[in-house]
Each structure stands twice: as C-alpha cells, then as structure tokens.
Amino acid sequence: MARRAVLFDLGGVLFGPGLQHFLGSCERDSALPRNFLQKVMLDGGSDGPLGKAMRGQISLSQLCSETQEGCGKHAAAAGVPLPETFSVAQAFESAAAEGRINGPLLRAAAALRRNGFKTCVLTNNWIDDSAGRHFTAALMNVLRRHFDLVIESCRVGMQKPDPGIYRSALEALQAQPHEVIFLDDVGENLKPAQQMGMATILVRDTETALKELQELSGVQLLGQEEMLPTACDPINISHGYVPIRPGVQLHFVEMGQGPVVCLFHGFPESWFSWRYQIPALADAGFRVIALEMKGYGESTAPPDIEEYSQEVICKDLAAFLDKLGIAQAVLVGHDWGGAAAWNMALFYPERVRAVASLNTPYRPADPGVDIVEAMRSIPTFDYQFYFQEPGVAEAELEKDIGRTLKVLIRSVHQEDRLPFAPKLSGVLQRGGLLVGFPEDPPASRILGGAALSYYVQRFAKSGFRGPLNWYRNMRPNWRWALSAAGRKVAVPALMVTAGKDAVLRPGMSEGMEQWIPQLSRGHIEDCGHWTQMERPAALNGILLEWLRKLPDGASPPKISRL
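Residues numbered from 1 in each chain as written. Predicted model: local features only at pLDDT ≥ 70, side-chain atom pairs only at ≥ 80, totals over all residues. Heavy atoms only, no water.

(A) Geometry of the overall build of the protein. Looking only at helices and strands, the protein features 24 helices and 15 strands. Over its C-alpha atoms, taken along the principal directions, the protein stretches across nearly 90 × 65 × 40 Å. Per-residue burial for the protein yields a buried fraction of 53% across its 562 residues. Here the contacts in the protein between residues at least 6 apart in sequence split such that 75% fall between residues at least 24 apart. Carbon and sulfur atoms provide 51% of the accessible area of the protein, an area that totals close to 25,300 Å². (Helix = DSSP H or I, 4+ residues; strand = E, 2+ residues; numbered from the N terminus. Buried < 20%, exposed > 50% of the residue type's maximum accessible area, 1.4 Å probe, protein only. Contact = heavy atoms within 4.5 Å. Areas by Shrake-Rupley, 256 points an atom, 1.4 Å probe, with all protein chains shown as cover.)

(B) Just the nonpolar core, in detail. With 113 residues, the main nonpolar core has Ile-278 and Leu-291 as its most contacted residues. Not counting residues up to four positions away in its chain, the partners in contact with Ile-278 are Cys-232, Ile-237, Val-253, Met-255, Leu-263, Trp-271, Val-288 and Ala-290. In terms of nonpolar packing, the next biggest core, distinct from the first, is built from 30 residues, Val-6, Phe-117, Val-203 and Leu-221 among them. (Core = buried A, V, L, I, M, F, W, Y, C linked by side-chain atoms within 4.5 Å.)

(C) View of the packing of helix 13 (residues 310-323) against helix 14 (residues 336-347). Orientation of helix 13 relative to helix 14, taken along the N-to-C sense of each, is 75°, at an axis distance of 10 Å. In this view, helix 13 runs roughly perpendicular relative to helix 14, as classed from their interaxial angle. Each of Gln-310, Ile-313, Cys-314, Leu-317, Ala-318 and Leu-321 in helix 13 lies in contact with helix 14, whose residues at this interface are Trp-336, Ala-339, Ala-340, Asn-343 and Met-344. A breakdown of the residues in the contact of helix 13 with helix 14 according to their chemical character gives nine nonpolar, two polar and no charged. (Axes fitted to C-alpha atoms, helices over the stretch in contact; angles between N-to-C directions. Parallel < 35°, antiparallel > 145°, perpendicular 65-115°, else oblique. Nonpolar A, V, L, I, M, F, W, Y, C, P; charged D, E, K, R; others polar.)

(D) Structural detail: the packing of aromatic side chains. Under the defined criterion, the tally for this structure stands at 21 aromatic pairs. Consider the rings of Trp-271 and Tyr-454, whose centres lie 5.9 Å apart with planes at 80°: the pair is edge-to-face. A residue pair is termed long-range when its members are at least 10 positions apart, and Trp-271 in the loop between strand 10 (260-264) and helix 12 (277-283) and Tyr-454 in helix 20 (residues 449-462) qualify at 183 residues. There is no split in this pair, since Trp-271 and Tyr-454 are both buried. Their ring planes at 10° and their centres at 3.7 Å tell us that Phe-347 and Trp-480 sit as a pair that is stacked. In this pair, Phe-347 sits in helix 14 while Trp-480 sits in helix 22 (residues 474-482), placing the two residues 133 residues apart along the sequence. By the ring-pair criterion, three or more aromatic residues cluster together here, those being Phe-267, Tyr-296, Trp-336, Tyr-383, Tyr-386, Phe-387, Phe-459, Phe-464, Trp-470 and Tyr-471. Sitting over the face of the ring of Phe-272, Arg-275 holds its NZ or CZ atom 4.8 Å from the ring centroid. (Phe/Tyr/Trp six-rings, centres within 6.5 Å; stacked < 30°, edge-to-face > 60°. Lys NZ or Arg CZ within 6 Å of the ring centre and 35° of its normal.)

(E) Focus on unusual backbone geometry. Note the cis peptide between Lys-160 and Pro-161, where omega equals 10°. One can find Pro-161 in the loop between helix 8 (153-156) and helix 9 (163-173). A cis amide bond links Phe-267 with the next residue in sequence, Pro-268, at an omega value of -15°. On the secondary structure map, Pro-268 appears in the loop between strand 10 and helix 12. One non-glycine residue with positive phi stands out, namely Asp-335, at about 60°. By the secondary structure assignment, Asp-335 is in the loop between strand 12 (329-334) and helix 14. You will see that Asn-359, though not glycine, has its phi angle at about 75°, which is positive. By secondary structure assignment, the location of Asn-359 is in the loop between strand 13 (352-358) and helix 15 (371-376). Judged by its relative accessible area of 2%, Asn-359 is buried.

(F) Geometry of the sheet that holds strand 12. Read from one edge of the open sheet, eight strands run 8-9-11-10-12-13-14-15, paired in mixed fashion. Each end of this open sheet is capped by a strand with a single partner; those strands are strand 8 (238-245) and strand 15 (519-524). Taken pair by pair, the neighbouring strands of this sheet meet at an average axis angle of 20°, ignoring direction. Where strand 9 (residues 248-255) lies against strand 11 (residues 287-292), five bridges are found, and the strand directions are antiparallel. Residue pairing across strands places His-251 opposite Glu-292, the latter belonging to strand 11. (Pairing = 2+ DSSP bridges.)

(G) Representation of the sheet that holds strand 6 (residues 180-184) within the structure. Read from one edge of the open sheet, five strands run 5-4-1-6-7, paired in parallel fashion. The open sheet has two edge strands, strand 5 (149-152) and strand 7 (199-202), and neither has a second partner. Averaged over all pairs of adjacent strands, the angle between their axes in this sheet comes to 20°, without regard to strand direction. Looking at chain direction, strand 1 (residues 5-8) and strand 4 (residues 118-123) are connected through four bridges and run parallel. Bridge pairing in strand 4 places Val-6 opposite Thr-119. In the packing of helix 7 (residues 133-146) onto the sheet, the strands contacted are strand 4 and strand 5, and the crossing angle to strand 5 comes to about 140°.

(H) Quick look at the packing of helix 18 (residues 401-408) against helix 20. Interhelical geometry of helix 18 versus helix 20 gives an angle of 120° and a closest axis separation of 9 Å. Here helix 18 lies oblique to helix 20, going by the angle between them. Viewed along their axes, helix 18 and helix 20 form a crossing whose handedness is right-handed. Across from Ile-401, Gly-402, Leu-405 and Lys-406 in helix 18, the residues of helix 20 making contact are Leu-452, Tyr-455, Val-456, Phe-459 and Ala-460. Its residues placed into classes, the contact of helix 18 with helix 20 shows seven nonpolar, one polar and one charged. (Left-handed = near helix turned anticlockwise from the far one by under 90°.)

(I) Up close: the side chain of Thr-497. Inspection of the secondary structure puts Thr-497 in strand 14 (residues 493-498). A relative accessible area of 9% places Thr-497 in the buried class. In contact with Thr-497, other than residues within four places in its own chain, are Pro-506, Ser-509, Gly-522, His-523 and Ile-524.

(J) Up close: the environment of Ile-181. With respect to the helices and strands, Ile-181 occurs in strand 6. The exposure class assigned to Ile-181 is buried, which follows from its relative accessible area of 0%. Each C-alpha atom of the pair Ile-181 and Met-198 lies 5.9 Å from the other, and the pair is 17 residues apart in sequence. Discounting residues that sit within four places of it in the chain, Ile-181 has contacts with Arg-3, Ala-5, Val-6, Leu-7, Ala-199, Ile-201, Leu-213, Leu-216 and Ser-217.

As far as function goes, none of this settles anything; it's purely spatial.
Listed below in structure tokens is the structure:
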C-alpha cells in the first residue's frame, strides 16, 4: 500500500516532553494531588478552559487565568491547600523554556520529504498572547521551514480527536486516508485516524517510533551515520537584489533573524550550495544571508576581468552590507568565497564580526616570489592556467552545462567516482578541463535531480565568463595582498579543512595561527572539495559550535548627530 503523507503531533512527539509532564511537575512542586491541574482544565469537557483554548475561542493568557481561578475553587472545595506561589502561567512558561525539539524525528521528516512524502504537523494548540509568546513564534517558524504544512487546532476551530480536523488535514494534503501515516503520543487522538483508514503510530519513545515509521514508509530512517539536514527550497525562500553601483547588482537569499551570517560560495557554484546550512543556522537564531556572488546566476556578470579582482569584489561586498544597513556580520566562505571572506577580514575588519573559511586557507602574500611562478610550481593548479585565456574555457564549459556540473561536482564517495577520470593536473596538455571524462556521466550523489536542474538554470543565465574571471586576476590580487604585508587577521576565525580535497589540501593551512591569533579549527576527514553538500550535518555541527562560542556582539554604538 503506497504511503505518501505523514502527520506528526507536536507536543510529546516533535517537541517534548509535553505539557502533561510539566503540569505533573507543577503538581509535585506544589504538593497537589495527581492530575489536579488536568481535571480543572478539562472541567466542562470540550467547553472547559482547555477545550476552548484549543479551538481558539480563548487565548493562552485567558486559559491560564481561567485555570488559575478554577484551581482556587477546586482546591477550596477539596480542602487542598494551594501555595501562594502557585502559578499556572509559570507551568506553561516552564514547558516552553525546558522543552526540546526531537532532533531524530525532525531529521526523519526531512528524509521523508526528500523521498517524496508530504509532511504535516497536526497539533492541538492555542493562540499564544502570553509574555513568552516569542518562543511560540520561533517554534512555529522552525516548523514551517521543515514541514510542508502546519495545522493548528486554534486556527481551524477543531481539535483532535474531532474527526473534522483529520478530514481537514487530508483535504489540505490532497491525500486519501490509506496513504497517510499519523504519529501521536495520545491514544485517543489516534482512534479516529485508525477508523478512517490511516496507519497510526503511538509514540512512547523515539527509537520505537522511528522503527515503525521506517517500516510503514519504506524510507531508511535508522542506521545511517549521518542523515542529511533539511534543505531550503529556492521557491520558498526570500530573495533580494541589492544595487551596488550603476550596472552592478547582487542577488541573495535570506532566512531567520538575529546576528547576521553571510555565506559566500565558490566556483562553479551558487547560493544554493548552502541549502543545508541556511535552515540550520536560521533555526539556531541567526539571520542568514547567502549571496549569489558576482558573475553568477541573477547577480550581475560584467565582462571586464578587472571587475573580479579581490579588491573590487571586497569593495562590492562592503557596499552590499551598507545597502542592507548591516554594520557587521559573520562571514563564511567556501573556495573563492573563502578567499573573499579572508580578504574582508583583512581589509575591512570593522565590518567583520568573525570569519570562517571552508577548505580555502589564508596565506599572506610573499613579496619575494612571483605569484604566477608560485602557482605554476603546483601541478594541481594547472587548470587555473587553462582558465586564463578568455573564451577558451567558457566554450568548453558552456557546451553542455549539465555535463560540466556532473563531471566537476562529485563527492569522494566510492559510488560517486567516475571510471577512468583524469586528474586536475595536466589540463593544458589534454587541451581541456573535461577532456577524458565520460560524455554522459551520471548525476552525482550530492548534486542531482531538482538541485542539478537549478544549477544548470543558473549557469544558463549567467554563463561561465564571470565565474572564470575570478581566476584571471592572479597578479592584481597578489599586489593588493602585498599592500597589507605584515598585517594580521585579528577577528575570531575558523578554518575547516577537508581530508580528501585534492586541490585545497589540509596541509596548506599549516601555520595559519601565526597570522590569525584567534583561529579555531574544524576538520572533516571523509570529505572532498564540496564540503557544504558532501558532509552538511558534520559541517553544520562545526559551524554552530563555533558560532555559539563567539563573544557577544557589542551594543550598537550611539552615534551623535552632527
């Protein structure tokens, strides 16, 4: 029987341990009889305080007020002493403050979505107008990022186990009962779903629930060392366009609120290379801005090589922050984006709260060694000299964009390797970057399906001239870097190395501490060049651990009027 939708309860399933746990804690702390609070809230049945709140007829603050009053009456009638410090509102606040998202079930929902399932949160919930309502807002924001649909009883005027709310969910999902799996921690809520024909899972513990969900869905949810995080969708994310100067604009996407984290991608990529990091960072309380770097996609792609020198790129990035009114941001870059992030920290440190680079090390310019000769001495950089003649590499890479991306963007996983693939060295001798590779390679494990189609669309729009021009400023970049000779990167920094990157090898980052006093390090051994897509969960863990340890940003300065 084909399943194609999964309904998840919130309290006690996705978020827990659930309200009943905290009501019980409140009863124990106040030396009240067991289920004292539940009896008061359920007094009057569906027309009692809890029932009215769940249908949206009263708000959470009214629920707390009515329950507090009811507790006083019930305690007096039963001869039960009610402590002066007793507070129903405090019990609800504790439930919010101490509850936690169920990470394994959240990741399972993401895996189900990747396998074509529609996912929905179906929850008995109230309108939160309490003092702690910001928590509810943040929680709902997270859920809407991770699920196709969120149905709250207080918004539809029905509550579980009313069969009407299940019919409403089925209609919204455009699914038949036999196509749906429903998880709840309350047996009474599952009965109507069972009678309709849904498969149900009574959640008592996460591991058992995952086993049952895996069996019913046919999707592998257990036994994987590293499940993919939730990815954002280009259609369901906010896009922005910033005019930097006449004729030049930068396209970006953003998500979340809080301290700003800007993400810079490399070659040949897109803002979409950060699709697994954007929701994770937003969920952690950051305003995430992923740029489409100059020359790519919907950002302007000027033909002039000089437009892509690091000096001009960084001026444009500073202007980008100016136009958005962002005084300071954490910058995280990969590949060429890492180089731009380091240079921003070196030349515009007042704009950089902290800087992180994936794979790309920081090395100060050496005035005693010509940069071109230094690059020629490294065989794996041979491809960069093939890129130097305008029009040559463009013709090869643009001939079949899908093939280009399928050849270049692959993981180091054994199953992802192409047979008889040549090395990056010897590109000039072979006469092309893609020479020797299969004419019709399979899509890679890390960039296939809709993601590959989106990448192809971006490069069909921008072409490869702009991206390749980043490589055509070797000497201008070197001379600009020499102007900062002796200067150190003083801001907090993170260097993440990948053990299997064939070009930006971990050893190239040795000695960075000499130039970056506040350097932290992260390393992912079983990872190649495309770190954000190859090992997104591991990378997210490294980034979030580092971000959480950063010193709090200073209070906004008080600038006197002139």
